[in-house]
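Fold and contact review
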Amino acid sequence: MSNLEQDPDEIRCGAESGGETELLAGRAVPLGGPRGMSVSRTLPNAHRRMIGAWCFVDAYGPEVAVMRVPPHPHTGLQTVSWLVAGEVLHRDSVGSLQEVRPGQLNLMTAGRGISHSEESPETLLHGVQLWVALPGADRRTGPGFEHHASLPVRSGAGFDATVIMGSLGGVTSPATTYSPLVGAEVAVEGSAEVPLDPGFEHGVLLLDGQVEPLEAGPLLYLPPGRSVLRLSGRGRVLLIGGEPFAEEIVMWWNFVGRDHDEIVAFRKEWMEGEGFGAVEGFDGGPLPAPVLPGTRLRPRGRVR
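Everything numeric in this text was worked out from a predicted model, so none of it was measured. (Residues numbered from 1 in each chain as written. Predicted model: local features only at pLDDT ≥ 70, side-chain atom pairs only at ≥ 80, totals over all residues. Heavy atoms only, no water.)

**So, the nonpolar core**
Threshold: What makes a nonpolar core is a set of buried Ala, Val, Leu, Ile, Met, Phe, Trp, Tyr and Cys residues whose side-chain atoms join them at distances within 4.5 Å. Only protein chains enter the calculation, and the probe is 1.4 Å; a residue is then buried if its accessible area is under 20% of its type maximum, exposed if over 50%, and partly exposed in between. Only runs of H or I of at least four residues qualify as helices and only runs of E of at least two qualify as strands under DSSP, and these elements are numbered from the N terminus.
Membership of the largest hydrophobic core comes to 38 residues, with the highest contact counts inside it found for Trp 54, Val 80, Leu 105, Leu 130, Met 165, Leu 238 and Ile 240. If you list the elements that add at least two residues to this core, you get β4 (54-65), β6 (77-85), β9 (105-109), β11 (123-133), β14 (159-168), β17 (201-212), β18 (219-222) and β19 (228-242). In terms of residue count, the dominant contributor to this core is β11 (five residues). Of all hydrophobic cores here, the second largest spans 23 residues; its members include Ala 161, Ala 192, Leu 231 and Val 237.

Listed below in structure tokens is the structure:
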């Protein structure tokens, strides 16, 4: 999924804060089209920009809507598409054509550059779109796409966790990762203690139902040092986490880079070159890049 804002903010981060939990409120961002929908963006946040390598979290629905995101570029990241309800068709410049449905994973690795589109019929849509920043050693890897129709489950008293990315409680997803992390959908029924890696920082988002201590909307941030996540109620939550990302990045529009000049070069290539390839079969033109800000973009760390 694209960041469709035409005046996207630079993602700014600064020194690390204390060890308290935080509620990261989302902001409404419209996706295009006359019958398009609004998403709630909880990462990047005004204060906290990343949780592990996870750098972007959009939640949408449940809403009857049309998703229509024209071809657009990405660099230096992986896109993770996860649905609770509905269906979305993915096309990309390496030739992939793949529908994703609830319980399945579409994972696209941008590396040095890829372009893709996403679309759906008018239907009930409910899901999340996430980005994972690639570490410096892997950020120029070749572009690629994976579809995982079935994923492993880590079960315990009161919960079943589908492991989307990385590892949870000794269960590992087959999806390709480039840094230590976890992504999981946790179905809660009663009281549950979900195992956590104490070296990770985590984020928890309520997807549906009623699950304490969560509330609908904000992303709950948990600092490193926790070995268990206690939940109670009935519903589904998204769990993300990872080792705190040590590198500074520049994140602007749909690009993750390392300095201003690199972002300028990415934008120029998208608008004038052929390095991002072509998305075949989408009925419409590509998404133009916004105008760059008048000041230089600065590489920054995980939090403001």
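Having put the structure on the table, let's press on.
**Thoughts on the environment of Met 271**
Structurally, Met 271 can be placed in helix α1 (residues 260-272). Judged by its relative accessible area of 40%, Met 271 is partly exposed. Considering only alpha carbons, one finds Met 271 and Phe 282, 11 residues apart in sequence, at a separation of 18 Å.

**Some points on α1**
What counts is decided by this rule: Multiplying 1.5 Å by the residue count of a helix minus one yields the expected span of that helix. This arc describes the spread of directions from the helix axis toward the C-beta atoms. Contacts are assigned to residue pairs that have any heavy atoms within 4.5 Å of one another. We define a polar contact as two N or O atoms separated by no more than 3.5 Å, with the added condition that, inside protein, one atom must be a possible hydrogen donor and the other a possible acceptor, whereas residues neighbouring each other in sequence contribute only through side-chain atom pairs.
Taking 1.5 Å of rise per residue, 13 residues should cover 18 Å, and α1 covers 18 Å from first to last C-alpha, within 8% of that figure. Along α1, the residues classified as buried are His 260, Glu 262, Ile 263, Phe 266, Arg 267 and Trp 270. Down the axis of α1, the sector holding all buried residues measures 165°, keeping them to one side. Summarising the contacts, the buried residues of α1 are in contact with β5 (68-74), β10 (114-119), β20 (250-252) and β21 (255-257). If you check the start of α1, you find a side-chain oxygen 3.2 Å away from the backbone N of Asp 261, and it comes from Asp 259.

**Some details on the sheet that holds β5**
Stated formally: Note on pairing: DSSP must find at least two bridges between two strands before they are called paired. Orientation is described by lines fitted to C-alpha atoms, with helices fitted over the stretch in contact, and by angles between N-to-C directions that extend from 0 to 180 degrees.
Spatially, the four strands line up as an open sheet ordered β5-β10-β7-β8, and their pairing is antiparallel. Each having just a single partner strand, β5 and β8 (97-100) make up the two edges of the open sheet. Strand-to-strand twist across the sheet, computed as the mean angle between neighbouring axes with direction ignored, equals 20°.

**Considering the packing of aromatic side chains**
For any pair of aromatic rings, the description consists of the separation of the ring centres together with the inter-plane angle of the planes. Applicable threshold: Within 6.5 Å between ring centres, the rings of Phe, Tyr and Trp (the latter by its six-membered ring) count as paired, and their orientation is classed by plane angle as stacked under 30 degrees, edge-to-face over 60, tilted in between.
Evaluation of the coordinates by the stated rule reveals six aromatic pairs. Ring geometry for Phe 56 against Trp 131: centres 3.9 Å apart, planes inclined by 10°, an arrangement best described as stacked. Here Phe 56 is found in strand β4, whereas its partner Trp 131 is found in strand β11, with 75 residues between them in sequence. Given the relative accessible area of 0%, Trp 131 is considered buried. Residues Trp 270 and Phe 276 carry aromatic rings whose centres are separated by 5.8 Å and whose planes lie at 80° to one another, so their mutual orientation is edge-to-face. As far as the burial class goes, Trp 270 and Phe 276 line up, both buried.

**A short note on the sheet that holds strand β2 (residues 27-30)**
The strand order across the open sheet built from seven strands is β2-β3-β4-β11-β6-β9-β12, with neighbouring strands paired in antiparallel fashion. Of all the strands in the sheet, just β2 and β12 (144-148) have a single pairing partner and so form its edges. Direction aside, the axes of adjacent strands within the sheet are offset by 20° on average.

**What about the side chain of Glu 118?**
For the record, the criterion: Here the positive residues are Lys and Arg and the negative ones are Asp and Glu; neither His nor the chain ends is included. Salt bridges, as used here, are contacts in which a Lys or Arg side-chain nitrogen is within 4 Å of a carboxyl oxygen on Asp or Glu.
With respect to the secondary-structure elements, Glu 118 resides in strand β10. Although Glu 118 is buried, it forms no salt bridge, and the closest oppositely charged side chain is Arg 41 at an N-O distance of 10 Å.

**Re the confidence of the model for the protein**
Put simply, the test is: A residue's pLDDT is simply how confident the predictor is in it, with values from 0 to 100.
On average, the protein scores 93 in pLDDT, and the residues at 70 or more come to 92%. Scored below 50 in pLDDT, residues 10-18 makes 29 contacts in the model with residues more than four places away or belonging to other chains.

**Re the pairing of β10**
Counted residue by residue, β10 has six buried out of six residues, so it is predominantly covered. Here β10 shows no split at all, with Ile 114, His 116 and Glu 118 on one side and Ser 115, Ser 117 and Glu 119 on the other all buried. Where β5 lies against β10, five bridges are found, and the strand directions are antiparallel. Across the sheet, His 72 pairs through a bridge with His 116, a residue of β10.

**Focus: the pattern of salt bridges**
Scanning all chains against the criterion turns up 15 salt bridges. Between Arg 48 and Glu 22 there is a salt bridge, with its nearest N and O atoms 2.7 Å apart. In this pair, Arg 48 sits in the loop between β3 (38-43) and β4 while Glu 22 sits in strand β1 (residues 22-24), placing the two residues 26 residues apart along the sequence. Both residues of the pair, Arg 48 and Glu 22, belong to the buried class. Across the pair Glu 247 and Arg 258 runs a salt bridge, and its minimum N-O distance is 2.8 Å. Note that Glu 247 is positioned in the loop between β19 and β20 and Arg 258 in the loop between β21 and α1, a separation of 11 residues in sequence. Its relative accessible area of 15% is what places Arg 258 among the buried residues. Several salt bridges share partner residues, and in doing so they unite Glu 22, Arg 48, Glu 201 and Arg 302 into one network.

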